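Analysis of the macromolecular model
What follows is each chain in one-letter form.
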Amino acid sequence: MNNKIKKILKKKNKSKIVCLTAYSKNIAEIVDYHADIVLVGDSLGSVLYNYDTTRKVNLNMMIEHTKSARMGVKKSLLVIDLPYNTYRSKSEALKSSKKAIKETKCDAVKVEGGTRMKEIVKHLVKNRIPVLGHIGVTPQTTIGKFRSKGKNESEKRKLLKDAQDLEQCGAFGIVLECIYSDISKQITNSINIPTIGIGASVNCDGQVLVTDDLIGLNETKFRFVKKFGNIKKNIKDAVIKYKNSVKKKKFPSKKNSY
Ligand code: KIV
């Protein structure tokens, strides 16, 4: 097993796992130093391309962004999201994963779905592809508005079974997206692999956020997002300074000229 994955597994019940997204080298470089896992998520479809659904993201887009992120990631585990319709069968999932890993040198793949993904996850793991699961709200298969999961007993039972099945099939961790706190806690306590929450409360073993959201570059109204910075303002200030310097002929100065 990959040493980075071993380290992440050891954090369960000891210290929180930090996971963040990166779609390119510059952000990846900053995030890598502080994170355990850097995820090239298919959220890039909405964040960068303004798609109304992640279903429009394809494998080549994911590969190009992961190649860029790879240049910035030195110490963290680099995970690529397998996009929609690239892992519908065991053979398709293996082919997509092998291509993604070969071309990007990433460490692992993430797939959405619980119990229904059992055979596919088992097959990937058997073929030495490390897999991060993703249950709860799974944007690739959610039509319409996202609704948090685990409110009633049947949803709770299903989520618990999803998580247990993914663990049993060899996933090294599971993203829990938009899951009620009590069931996040129950899932986290009932499996030996780490849970990484997004909108799934502090009860998870780790947390993930879309970096563009937390730095205030991307506007989002999801309740689970907290803005930890306002990078948009910093960029705006720099752009205004540049514009004024150009207009006043203060830039480029002699120093910036040949
Ligand atoms: O696509 C993504 O960025 C994700 C995370 C939000 C978990 O799946």
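Structure: see above.
The present account deals with the structure reproduced in this document. (Residues numbered from 1 in each chain as written. Predicted model: local features only at pLDDT ≥ 70, side-chain atom pairs only at ≥ 80, totals over all residues. Heavy atoms only, no water.)

**Remarks on the overall build of the chain**
On a plain count of helices and strands, the chain comes out with 10 helices and 8 strands. The C-alpha radius of gyration computed for the chain amounts to 20 Å, which stays within 12% of the reference 18 Å derived for 258 residues, consistent with globular compactness. Buried positions account for 48% of the 258 residues belonging to the chain. At a minimum sequence separation of 6, the contacts of the chain that also span at least 24 residues come to 58%. Of the roughly 14200 Å² that the chain leaves accessible, carbon and sulfur atoms contribute 55%. In the chain, 52 positive and 24 negative side-chain charges are present, and the distance between their average locations comes to 6 Å. (Helix = DSSP H or I, 4+ residues; strand = E, 2+ residues; numbered from the N terminus. Rg over C-alpha atoms; globule rule 2.2 N^0.38 Å. Buried < 20%, exposed > 50% of the residue type's maximum accessible area, 1.4 Å probe, protein only. Contact = heavy atoms within 4.5 Å. Areas by Shrake-Rupley, 256 points an atom, 1.4 Å probe, with all protein chains shown as cover. Lys, Arg positive; Asp, Glu negative; His and termini not counted. Charge placed at Lys NZ, Arg CZ, Asp CG, Glu CD.)

**Comments concerning the pairing of strand 2 (residues 37-40)**
Of the two faces of strand 2, the one lined by Ile37 and Leu39 and the one lined by Val38 and Val40 are each fully buried. Of the pairings in the sheet, the one linking strand 1 (residues 17-21) to strand 2 comprises 3 bridges and is parallel in character. The residue bridging leucine 20 from the neighbouring strand is valine 38, located in strand 2. Crossover strand 1 to strand 2 through helix 2 (residues 25-32) is right-handed. Taken together, the 4 bridges between strand 2 and strand 3 (residues 77-81) define a ladder with parallel strand orientation. Residue pairing in the sheet places valine 38 in a bridge with leucine 78 of strand 3. (Pairing = 2+ DSSP bridges. Right-handed = clockwise from strand over helix to strand, strands pointing away.)

**Quick look at the sheet that holds strand 5 (residues 131-136)**
Read once around its circumference, the closed barrel built from 8 strands follows the order 1-2-3-4-5-6-7-8, with strand pairing classed as parallel. Geometrically, the sheet is characterised by an average inter-axis angle of 25° between neighbouring strands, direction not taken into account. As judged from the 2 bridges shared by strand 4 (residues 108-110) and strand 5, these two strands associate in the parallel manner. Within the sheet, the bridge partner assigned to valine 109 lies in strand 5 and is valine 131. The strands touched by helix 7 (residues 153-169) within the sheet are strand 5 and strand 6 (173-177), with strand 5 carrying the most contacts at an inclination of about 175°. (Axes fitted to C-alpha atoms, helices over the stretch in contact; angles between N-to-C directions.)

**Some points on a nonpolar patch on the surface**
On the surface, a cluster of nonpolar side chains totalling about 230 Å² of accessible area is made up of Leu217, Ile235 and Val239. Residue position: leucine 217 is located in the loop between helix 9 (211-214) and helix 10 (231-247). (Patch = residues over 30% accessible without salt bridge, like charges linked within 9 Å, V, L, I, M, F, W, Y side chains within 5 Å. Salt bridge = Lys/Arg side-chain N within 4 Å of Asp/Glu carboxyl O.)

**Comments concerning the nonpolar core**
Side chains that are nonpolar tend, in soluble globular proteins, to be buried together. Residues Ile37, Val121, Leu124, Ile135, Ile174, Leu176 and Ile187 are the most contacted members of the largest nonpolar core, which totals 69 residues. In this view, isoleucine 37 contacts Ile8, Ile17, Val18, Cys19, Leu20, Ser76, Leu77, Val79 and Ile196; residues no more than four positions away in its chain are not counted. (Core = buried A, V, L, I, M, F, W, Y, C linked by side-chain atoms within 4.5 Å.)

**Considering the site of the ligand**
Close contacts around the ligand come from Thr21, Leu39, Gly41, Asp42, Ser43, Asp81, Lys110, His134, Val175, Ile198 and Val208, and that covers them all. Within the contact set of the ligand, an oxygen atom lies 2.5 Å away from a side-chain nitrogen or oxygen of serine 43. The side chain of lysine 110 places a nitrogen or oxygen atom 2.9 Å from an oxygen atom of the ligand. For the shell around the ligand, the residue count by class is 4 nonpolar, 4 polar and 3 charged. (Near = heavy atom within 4 Å. Polar contact = N/O pair within 3.5 Å; in protein donor to acceptor, adjacent residues only side chain to side chain. Nonpolar A, V, L, I, M, F, W, Y, C, P; charged D, E, K, R; others polar.)

**Some words on helix 7**
Between its first and last C-alpha atoms helix 7 spans 24 Å; for 17 residues at 1.5 Å apiece the expected length is 24 Å, and the two agree. Among all positions in helix 7, only Glu155, Lys156, Leu159, Leu160, Asp162, Ala163, Asp165, Leu166 and Cys169 are buried. Packing partners of the buried residues in helix 7 comprise helix 6 (118-126), strand 5, strand 6 and helix 8 (181-190). Of the residues flanking the end of helix 7, it is glycine 170, one or two places downstream, whose phi is positive at about 105°. (Expected span 1.5 Å × (residues − 1).)

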